[in-house]
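Structural characterization, general
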Amino acid sequence: METQNNQLNYIEDTQGRWGIFAWIFSTDHKRIGILYLISITTFFLLAALMGGLMRLELIAPGETIMDAQTYNGLFTVHGIIMIFLVVIPGLGAVFGNFFLPIMIGARDVAFPRLNLFSWWIYMAGAILAVYSQFAGDGPPDTGWTFYAPYSTESGTNVVAAVFAAFVLGFSSILTGLNFIVTIHRMRAPGMTWFKMPLFPWSLYATAWIQVLATPIVGITLMMIVAERLFQIGFFDPALGGDPILYQHLFWIYSHPAVYIMILPAMGVITEIIPTFAKKSIFGYKAIALSSVAIAAVGYFVWGHHMYTSGMSGTARWFFSFLTFIVAIPSAIKVFNWVATMYKGSIDARTPFLYAATFIFLFMIGGLTGLVLGSLATDVHVHDTSFVVAHFHYIIFGGMGFAFFAAIHYWWPKMFGKMYNERVANIAWLITFVGFNVLYFPLFVIGIQGMPRRYFDYLPEFHAGHLISTIGAFILLSGLFLMIINIYRAKKHVTPAGDNPWGGVTLEWQVPSPPPTLNFDEIPTITKSPYSFEK
Amino acid sequence: MENHEHEPHENHITSYTTLAKVLIGLLFLTFITVAVTGIHLGPLTVAVALIIACVKGGIVLTWFMHLKFELPVFRYMVLGVFLLFALIIIVTFFDYAFR
């Protein structure tokens with residue numbers, strides 16, 4: 001399976017274009033992956049700083065650094081940027097673009113121009129999203145969920161914000177479509193479905209959600225615009241509409257969207273654990289099919305966001321039942337990761353530390369999700385900071401830490417340079433501690449009754465908020481250390497070698513950085529992707 | 001034509017007569033869609049409208065978009081999408097029917 005390569009690598013090969021144009025007009029899937037990496041990291045830092053400002057406001061009761069309206073705008077902007085610009089495209093757009101073709105033995109995605117077009121659409125949506133925060137009548141104050149009827153009445157810049165989400169949806173759909181066709185049509189000879197690595201499997205399941213669910217939210221958001229402009233009466237009860245219909249339509253997309261965020265994260269973890277346990281993955285087919293099961297069942301659990309909305313009792317128990325069902329394939333994955341590590345020869349390098357942290361944080365997020373999935377307990381903690389904590393344990397502790405795991409795992413392959421592992425491990429420790437100090441107190445004060453999205457609170461919640469704010473700044477310092485360390489690795493000249501971790505999937509068989517066309521000759525696959533036998 | 005059903009890269013030319021028949025079928029279904037709005041069907045109004053729309057979508061996919069000549073895997077994919085759509089509508093109406 002070893003491939004020798006004499007081509008220019010993708011960084012050297014500018015294909016006759018100059019400077020930035022060699023990037024923003026390149027149809028090379030690896031360059032497009034880097035474009036997404038830079039864009040997404042920039043927006044992540046922007047929204048993380050907003051999160052830091054919100055935590056600073058909550059450091060003490062009463063108004064500290066901003067008024068209530070500014071706080072409302074800030075949590076909305078933080079949510080819109082994090083959800084639509086960072087975590088939904090996140091792993092798929094960056095690492096999926098970069099590694100999917102290489103991992104399945106292809107030279108590029110099926111539609112390279114469409115791939116570049118997807119990034120341009122993403123940037124157009126991103127510019128519109130940022131514009132909506134600073135132009136017009138002030139940043140939207142609806143929260144990222146744009147709940148009707150408030151979003152149809154708010155005097156703030158809601159139309160531009162929902163239109164930005166609409167545009168970003170197109171980018172997501174086109175990327176999903178590209179990945180589905182690539183996986184169906186471009187796998188290397190001999191790579192049957194069950195010889196395909198599990199990160200591509202997770203991208204495949206995700207891509208179907210992107211293609212099928214995203215149009216629903218696109219139309220729903222346009223219905224908000226139509227309601228605002230023409231007072232049609234879709235959602236506003238004063239016009240004969242039904243606000244619960246909005247919640248149905250919004251969550252029909254936005255709950256599967258959680259799986260758009262988390263499935264590729266699970267795929268990344270499934271790649272990292274066998275490499276550092278030096279052992280074939282336990283339960284390959286179970287992991288592959290559980291991705292598909294999560295994607296399929298995940299379509300039918302949206303109502304668990306709406307237990308207190310006034311939805312019918314029959315629908316509530318139905319959604320609660322399915323919510324517990326979807327926990328099963330997630331638990332299968334966790335069991336398989338742990339079983340893979342069992343009796344493995346574990347090498348606890350930086351990517352492994354992040355991957356193990358993912359499992360720990362995802363378990364806390366998952367188990368607290370069952371509290372929210374149960375009808376009775378959900379009523380107690382609905383719209384409290386318990387939900388904020390649960391959500392961040394899943395999305396940040398899950399997708400975020402998987403992103404950090406992925407960047408530390410694949411960075412040496414992407415740039416051919418190794419970062420300082422000692423500093424990376426220190427950054428991991430600070431990030432891990434900061435994360436838990438930030439979010440765990442929110443579970444506690446949430447159970448005690450602290451509502452979410454409030455800029456002020458009663459004195460009894462002060463201790464929890466103070467600890468949480470301290471955690472936020474520990475976390476931010478860990479993040480900055482991590483980013484500086486990784487950035488310095490690109491500047492310095494510690495060569496990483498082609499296979500620094502001893503990985504066995506196809507990306508570790510090509511040079512670092514990979515050549516423009518990935519392979520001199522497309523390899524023929526004869527073994528399972530995680531075969532560690534020599 | 002049947003001989004070419006499993007050869008997706010072949011060019012398929014559908015006769016004008018067939019296309020005209022499909023067009024007339026679609027116009028007839030559009031007429032039905034408008035006509036049924038005048039009949040009081042209660043909660044079934046939405047279901048009837050959606051079923052007619054699905055039939056029209058199926059016809060467009062089959063003849064105009066050449067699904068008829070594609071590999072079975074594409075038909076299964078489209079079938080899966082229709083099934084998903086139907087299930088989402090049914091589950092949503094679990095709320096409205098029992099509220």
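Small disclaimer: the values here were computed from a predicted structure and weren't measured.

Here we come to the overall build of chain A. A count of helices and strands for chain A gives 16 helices and zero strands. Here chain A has a C-alpha radius of gyration of 23 Å; the compact-globule value for 534 residues is 24 Å, and the two agree. When its C-alpha atoms are laid out on the principal axes, chain A stretches across 70 × 45 × 45 Å. Looking at chain A as a whole, 61% of its 534 residues are labelled buried. In the form shown here, chain A has an accessible surface area of approximately 19500 Å², with 69% of it arising from carbon and sulfur atoms. Taking the 27 positively charged and 26 negatively charged side chains of chain A as two groups, their mean positions are separated by 13 Å.

Before going further, it helps to spend a moment on the overall build of chain B. Broken down by element type, chain B carries three helices and zero strands. Looking at the 99 residues of chain B, the share that counts as buried comes to 16%. Taking all contacts inside chain B whose residues are at least 6 apart in sequence as the whole, residues at least 24 apart take part in 67%.

Within this structure, the stated rule accounts for six salt bridges over all chains. One salt bridge in this structure joins Lys30(A) and Asp28(A), with 3.1 Å as the shortest N-O distance. The same class applies to Lys30(A) as to Asp28(A), namely buried. Of the charged contacts, one joins Arg452(A) and Asp383(A) as a salt bridge, the two residues approaching to 2.8 Å between their closest N and O atoms. Separated by 69 residues along the polypeptide, Arg452(A) in the loop between helix 15 (421-448) and helix 16 (462-491) and Asp383(A) in the loop between helix 13 (375-381) and helix 14 (385-415) bring together distant segments of the chain. A relative accessible area of 25% means that Arg452(A) is categorised as partly exposed. When its relative accessible area of 37% is taken as the criterion, Asp383(A) is described as partly exposed. Here the residues in one salt-bridge network are Asp242(A), Asp95(B) and Arg99(B), joined through shared partners.

The interface of chain B with chain A comprises 13 residues on the first partner and 21 residues on the second. Interface area for chain B against chain A, summed over the two sides, is near 1500 Å², with a carbon-plus-sulfur share of 78%. It is Ile88(B), Val91(B) and Phe94(B) that lose the most area in chain B upon contact with chain A, and together they represent 31% of the buried surface on that side. Note that Arg99(B) is salt-bridged to Asp242(A), the shortest N-O span being 3.4 Å. Taken together, the links from chain B to chain A amount to six residue pairs in polar contact (both at pLDDT 80 or more).

Our next topic: the packing of helix 14 of chain A against helix 15 of chain A. All names here are of chain A. Running from N to C, helix 14 and helix 15 cross one another at 165 degrees; their axes reach a closest spacing of 8 Å. If you check the angle between helix 14 and helix 15, you find them roughly antiparallel. Read as a crossing pair, helix 14 and helix 15 show a hand that is left-handed. Contacts between helix 14 and helix 15 involve Ser385, Phe386, Val388, Ala389, His390, His392, Tyr393, Phe396, Gly397, Phe401, Phe404 and His408 on the former and, on the latter, Ala424, Thr431, Phe432, Phe435, Asn436, Tyr439, Phe440, Leu442, Phe443, Ile445, Gly446 and Ile447. Class assignment for the residues of the contact of helix 14 with helix 15 results in 16 nonpolar, eight polar and no charged.

Residue and element names in this part refer to chain A. Between helix 10 (residues 284-297) and helix 11 (residues 313-341), the least distance of the axes is 9 Å, while the angle of their chain directions is 160 degrees. By the angle class used here, helix 10 and helix 11 are roughly antiparallel. The crossing of helix 10 and helix 11 is left-handed. Residue-level inspection shows Ala286, Ile287, Ser290, Ser291, Ala293, Ile294 and Val297 of helix 10 in contact with helix 11, the latter providing Leu322, Ile325, Val326, Pro329, Ser330, Ile332, Lys333 and Asn336. For the contact of helix 10 with helix 11, a count of residues per class yields ten nonpolar, four polar and one charged.

A few words on a nonpolar patch on the surface. Judged by side-chain polarity, Trp18(A), Ile20(A), Phe21(A), Phe25(A), Phe117(A) and Trp120(A) come together as a nonpolar surface patch covering roughly 680 Å² of accessible area. With respect to the element layout, Phe21(A) can be found in helix 1 (residues 21-24).

Attention now goes to the side chain of His390(A). All names here are of chain A. Note that histidine 390 resides in helix 14. One polar contact links the side chain of histidine 390 to the main-chain carbonyl oxygen of glycine 365, over a distance of 2.8 Å. In this structure, histidine 390 is in contact with Gly365, Thr368, Gly369, Leu372 and Phe443, ignoring residues within four places of it in sequence.

Quick look at the environment of Gly416(A) now. Residue and element names in this part refer to chain A. Structurally, the position occupied by glycine 416 is in the loop between helix 14 and helix 15. The exposure class assigned to glycine 416 is buried, which follows from its relative accessible area of 11%. Along the chain, glycine 416 and threonine 494 lie 78 residues apart, while their C-alpha atoms are 8.5 Å from each other. Non-local contacts of glycine 416, meaning those with residues more than four positions away in its chain, are made with Trp411, Thr494, Pro495, Ala496, Ser512 and Pro513.

A few words now on the nonpolar core. Of all hydrophobic cores here, the largest spans 183 residues; its most connected members are Phe95(A), Phe358(A), Trp410(A) and Met414(A). The biggest single contributor to this core is helix 9 (residues 243-277) of chain A, with 21 residues. Discounting residues that sit within four places of it in the chain, Trp410(A) has contacts with Phe95(A), Phe99(A), Met103(A), Phe199(A), Val268(A), Glu271(A), Glu507(A) and Trp508(A). Val22(B), Leu26(B), Leu29(B) and Val36(B) belong to the second largest nonpolar core, which has six residues in total.

All names here are of chain A. Here the structure, examined in full by the defined rule, presents 62 aromatic pairs over all chains. For the ring pair tyrosine 409 and tryptophan 508, a centre distance of 5.2 Å and an interplane angle of 70 degrees mean the geometry is edge-to-face. Residue tyrosine 409 is located in helix 14, and its partner tryptophan 508 is located in the segment after helix 16; the two are separated by 99 residues in the primary sequence. An identical accessibility class is assigned to tyrosine 409 and tryptophan 508; each is buried. Pairwise contacts between aromatic rings join Tyr10, Phe95, Phe98, Phe99, Phe199, Phe276, Phe403, Tyr409, Trp410, Trp501 and Trp508 into one cluster.

Below, the discussion takes up the confidence of the model for chain B. All names here are of chain B. The predicted model of chain B averages 85 in pLDDT, with 90% of residues at 70 or higher. The weakest mean pLDDT in chain B belongs to helix 3 (residues 72-98) at 90; the strongest belongs to helix 1 (residues 16-36) at 94. Scored below 50 in pLDDT, residues 1-7 shows 13 contacts in the model against residues more than four places distant or in partner chains.

It is worth spelling out helix 5 (residues 112-134) of chain A at this point. Residues and elements named next belong to chain A. With 23 residues, helix 5 extends 34 Å between its outermost C-alpha atoms, agreeing within 8% with the 33 Å of an ideal straight helix rising 1.5 Å per residue. Looking at helix 5, one finds that the buried residues are Asn115, Leu116, Ser118, Trp119, Ile121, Tyr122, Gly125, Ala126, Ala129, Ser132 and Gln133. Among the structural elements, helix 1, helix 2 (29-57), helix 3 (68-87), helix 4 (90-103) and helix 7 (158-185) are those in contact with the buried residues of helix 5.

We now examine helix 1 of chain B. Residues lying three or four places apart along an α-helix face the same way, a consequence of the helix completing one turn every 3.6 residues. All names here are of chain B. End to end, helix 1 covers 30 Å across 21 residues, agreeing with the expected 30 Å (1.5 Å per residue, within 8%). Burial in helix 1 covers these residues: Val22, Leu26, Leu29 and Val36. Looking straight down helix 1, one finds that the buried residues subtend no more than 95 degrees of arc, so they occupy a single side. Turned more than 90 degrees off the buried face of helix 1, the exposed positions are Tyr16, Thr17, Ile24, Leu27, Phe28, Phe31 and Val34. As for helix 1, its buried residues are in contact with helix 2 (44-64).

Cut-offs used in this document
- Going along each chain's sequence as written, the residues are numbered from 1 onward.
- Here chains are named by letter from A upward and ligands by number from 1 upward, in the order in which they appear as written.
- It should be noted that, the model being predicted, local features are given only for residues of pLDDT at least 70 and side-chain atom pairs only at 80 or more, the latter also being counted only at that level, while totals for whole chains, interfaces and linings use all residues.
- Note that water and hydrogens are dropped before the side-chain values are worked out from all heavy atoms of the structure.
- Each helix is a run of DSSP H or I of at least 4 residues and each strand a run of E of at least 2, with the numbering of both proceeding from the N terminus.
- The reference for a compact globule is 2.2 Å times residues^0.38; the radius of gyration itself is calculated from the C-alpha atoms.
- Only protein chains enter the calculation, and the probe is 1.4 Å; a residue is then buried if its accessible area is under 20% of its type maximum, exposed if over 50%, and partly exposed in between.
- Per-residue and other accessible areas follow the Shrake-Rupley method at a 1.4 Å probe size, with only the shown protein chains counted as cover for residues.
- Positive charge is attributed to Lys and Arg, negative charge to Asp and Glu, and no charge count is given to His or to the chain ends.
- Here the site of a charge means atom NZ of a Lys, CZ of an Arg, CG of an Asp or CD of a Glu.
- We call two residues contacting when some pair of their heavy atoms lies within 4.5 Å.
- Here, a salt bridge means any Lys or Arg side-chain nitrogen found within 4 Å of an Asp or Glu carboxyl oxygen.
- Buried area is understood as the total, over both parts, of accessible area removed when two parts are fitted together, assessed with a 1.4 Å probe.
- Counting of polar contacts relies on pairs of N or O atoms within 3.5 Å, with two restrictions inside protein: one atom must be capable of donating a hydrogen and the other of accepting it, and residues adjacent in sequence are counted only when both atoms are side-chain atoms.
- Angles shown run from 0 to 180 degrees and are taken between the N-to-C directions of axes, each axis being a line fitted to C-alpha atoms and, for helices, limited to the stretch in contact.
- For classification purposes, angles smaller than 35 degrees are called roughly parallel, those larger than 145 roughly antiparallel, those between 65 and 115 roughly perpendicular, and all remaining angles oblique.
- Put simply, a crossing is left-handed when the front helix is turned counterclockwise from the back one by less than a right angle, and right-handed when it is turned clockwise.
- When residues are sorted by character, Ala, Val, Leu, Ile, Met, Phe, Trp, Tyr, Cys and Pro go into the nonpolar class, Asp, Glu, Lys and Arg into the charged class, and all the rest, Gly among them, into the polar class.
- Any residue with relative accessible area above 30% and no salt bridge may belong to a patch, with like charges joined within 9 Å and the nonpolar Val, Leu, Ile, Met, Phe, Trp and Tyr side chains within 5 Å.
- Nonpolar cores are built from buried Ala, Val, Leu, Ile, Met, Phe, Trp, Tyr and Cys residues. Side-chain atoms within 4.5 Å join them into one set.
- Any two of the Phe, Tyr and Trp rings considered here, Trp counted by its six-membered ring, make a pair once their centres fall within 6.5 Å; the pair's planes then place it as stacked at under 30 degrees, edge-to-face at over 60, or tilted in between.
- As a per-residue measure, pLDDT reflects the predictor's confidence and takes values from 0 up to 100.
- Given a helix with a known number of residues, its expected span is that number minus one, times 1.5 Å.
- To be clear, the arc concerns the directions from the helix axis to the C-beta atoms.

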